[in-house]
Amino acid sequence: MDLLRFITAGSVDDGKSTLIGRLLYDTDSIKVDQLETIQKQSKNKGEGEIDLALFTDGLRAEREQGITIDVAYKYFATDKRKFIIADAPGHIQYTRNMVTGASNSDLIIILIDARLGVIEQTRRHSIIASLLQLPHVVVTINKMDMVDYSEEVFNSIVEEYSKMAATLNIKDVTFIPISALKGDNIVNPSENTPWYKGDTLLHLLENVDVVSDINFLESRFPVQYVIRPQSEDLHDYRGYAGKVLSGTYKKGDAVTVLPDGIESVIEAVEVHGQEVEEAFAPQSAVIRLKDDIDINRGDVIVTKTAHPKVSQDIEATICWMDNKPLVAGNKYLLQVQSRRVRCVVKEINFKLDVNTLEKHENISEAALNDVVHVTIKTASPIVYDNYLSLRANGGAILIDETAHTTVAGCMLN
């Protein structure tokens with residue numbers, strides 16, 4: 001079965017954790033002992049029904065305050081697909097957590113309270129989804145039970161959000177009227193919305209096409225590990241292990257190893273320890289070349305056409321994730337796939353207002369959760385693509401050299 005990674009986002013009390021709890025509960029994805037614990041905790045809170053949000057709000061502070069603070073990952077599967085869910089916080093001060101959860105997601109579910117409509121956090125999360133180039137956006141208009149399942153309310157929100165999505169160039173948007181608390185249109189169609197003819201949320205998640213999101217034309221294979229057994233049976237064996245980020249690799253293909261630009265030909269391709277004719281994204285594979293080349297972790301094997309960028313001068317849009325501010329001249333480690341190099345942030349070009357997309361120039365520093373555009377100089381060349389054209393090889397992180405903590409998520413330009 002294939003895998004779908006998705007994230008939920010919305011303002012505080014929009015029902016994100018309840019929605020995920022409902023998905024898990026209605027698909028029988030909750031263990032008996034966990035269900036018993038949640039039932040007990042729900043009763044202790046004086047509630048008549050199970051508090052579905054408790055299935056995802058794992059931190060003690062989250063349970064006590066009734067809010068989501070950290071990104072909670074949950075896993076479940078149906079007969080059609082496996083899922084990894086990231087439940088992101090709704091508070092503005094946790095924007096970095098949402099960026100972290102969304103960076104590896106194929107789809108985002110944006111919740112809107114039917115009583116409130118499109119608000120500031122809706123715009124903020126939609127802009128982040130646009131910046132991160134998430135291929136699929138599902139807008140679930142929640143708490144429809146509190147507006148008497150009004151078709152008029154639903155249509156009004158759809159119209160308002162659609163105008164905003166057009167300005168952000170968000171192309172694949174689906175709208176679903178739901179009640180996470182009552183279970184309307186989550187797993188089963190609701191009798192309360194006879195005017196809604198679309199799919200339930202689960203049906204959409206099971207059937208959304210993620211294969212078409214993969215770029216099979218531009219081949220990128222970052223080397224993660226060089227395999228040299230040097231045993232009697234495999235004395236001359238040299239394989240390069242990694243994950244095919246995009247494209248395909250076939251036996252006999254002419255390839256170039258970047259950043260050095262050395263050329264060779266693929267002698268063999270292995271998947272799961274067996275030789276195959278080709279490997280394709282997103283498979284993990286081992287590639288063997290005909291020539292004995294000095295290849296190291298972090299080098300990228302590409303086919304002869306459509307090469308990525310190779311440079312030490314890089315433009316990037318970053319989300320700052322550290323409590324210490326970013327100041328031009330600060331030094332960090334930049335990691336792109338498996339390659340890590342020293343770098344300096346030469347300049348902060350502008351700050352992006354994630355509520356309005358307005359650019360603010362003459363910025364001296366970036367604070368926690370700020371989204372800024374920067375110029376980076378690396379100590380040695382890195383191999384990358386423009387994030388907007390090839391997301392799989394356009395993301396990176398900045399790492400504090402001393403604390404070894406991630407301080408920024410980067411979208412390379």
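Look up: the structure comes first, before these words.
Below is a summary of the structure that appears in this document. (Residues numbered from 1 in each chain as written. Predicted model: local features only at pLDDT ≥ 70, side-chain atom pairs only at ≥ 80, totals over all residues. Heavy atoms only, no water.)

Section: the pattern of salt bridges
With the rule as written, the count across this model stands at 16 salt bridges. Where glutamate 218 meets arginine 220, a salt bridge forms, and the shortest distance between an N and an O atom there is 3.8 Å. For the salt bridge of lysine 377 with aspartate 313, the shortest nitrogen-to-oxygen distance reads 3.3 Å. Here aspartate 313 lies in strand β16 (residues 309-320) and lysine 377 lies in strand β22 (residues 371-384), a separation of 64 residues in the sequence. (Salt bridge = Lys/Arg side-chain N within 4 Å of Asp/Glu carboxyl O. Helix = DSSP H or I, 4+ residues; strand = E, 2+ residues; numbered from the N terminus.)

Notes on unusual backbone geometry
Most of the time, phi is negative for any residue but glycine, and the peptide bond is trans. The omega torsion of the bond from leucine 258 to proline 259 falls at 20°, within 30 degrees of zero and hence cis. The residue after alanine 281, namely proline 282, is reached through a cis peptide bond having omega 5°. Topologically, proline 282 is positioned in the loop between β13 (278-280) and β14 (284-289). The backbone of glutamine 133 sits at a positive phi, close to 55°, despite the residue not being glycine. Along the chain, glutamine 133 turns up in the loop between α5 (120-131) and β5 (136-142). Overall, the relative accessible area of 32% leaves glutamine 133 in the partly exposed class. For histidine 272, which is not a glycine, the phi torsion comes out positive at approximately 55°. Along the chain, histidine 272 turns up in the loop between β11 (262-271) and β12 (274-276). On the accessibility criterion, histidine 272 (78% relative accessible area) is exposed. (Buried < 20%, exposed > 50% of the residue type's maximum accessible area, 1.4 Å probe, protein only.)

Points about a nonpolar patch on the surface
The grouping of Val211, Phe216 and Phe280 at the surface amounts to a nonpolar patch, some 240 Å² of accessible area in total. The residue phenylalanine 216 is located in the loop between α7 (201-207) and β7 (221-227) in this model. (Patch = residues over 30% accessible without salt bridge, like charges linked within 9 Å, V, L, I, M, F, W, Y side chains within 5 Å. Areas by Shrake-Rupley, 256 points an atom, 1.4 Å probe, with all protein chains shown as cover.)

Re the pairing of β11
Across 4 bridges, the pairing between strand β10 (residues 254-258) and β11 is antiparallel. Note that in β11 the partner of valine 257 across the bridge is isoleucine 262. Hairpin connection from β10 to β11: 3 residues lie between these consecutive antiparallel strands, with glycine 261 at a positive phi of about 80°. Inspection of the sheet shows β11 paired to β14 by 4 bridges, in the antiparallel sense. Bridged to isoleucine 266 within β14 is leucine 289. In terms of strand pairing, β11 meets β12 through 3 bridges, oriented antiparallel. Bridge pairing in β12 places glutamate 270 opposite glutamate 275. Joining the antiparallel neighbours β11 and β12 is a turn of 2 residues, in which histidine 272 adopts a positive phi near 55°. (Pairing = 2+ DSSP bridges.)

Overview of the sheet that holds β5
Two orientations exist for strands paired in a sheet by backbone hydrogen bonds: parallel and antiparallel. On the basis of which strands lie adjacent, the open sheet formed by 6 strands has the order β2-β3-β1-β4-β5-β6 and mixed pairing. Edge strands, defined here as strands with exactly one partner in the open sheet, are β2 (72-77) and β6 (173-177). Across the sheet, the mean angle from the axis of one strand to that of its neighbour is 25°, orientation sign disregarded. Examined bridge by bridge, β5 and β6 share 5 bridges and lie parallel to one another. Each bridged residue has a counterpart across the sheet, and for valine 137 the counterpart in β6 is valine 173. Contacting β4 (107-113), β5 and β6, helix α6 (residues 151-167) runs over the sheet at an angle of about 160° to β6. (Axes fitted to C-alpha atoms, helices over the stretch in contact; angles between N-to-C directions. Contact = heavy atoms within 4.5 Å.)

Regarding the side chain of aspartate 400
On the secondary structure map, aspartate 400 appears in the loop between β23 (395-399) and β24 (406-412). Apart from the residues lying within four places of it in its own chain, the contact partners of aspartate 400 are Lys324, Tyr332, Thr405 and Val407.

Side note on the state of the cysteines
Counted under the stated rule, the structure contains 0 disulfides. The cysteine cysteine 319 is free of any disulfide, with cysteine 410 supplying the nearest cysteine sulfur at 9.8 Å. Exposure remark for cysteine 319: the relative accessible area of 2% places this residue in the buried category. A disulfide-free cysteine, cysteine 343 has its sulfur positioned 8.0 Å from the sulfur of cysteine 410, the nearest such atom. (Disulfide = S-S within 2.5 Å.)

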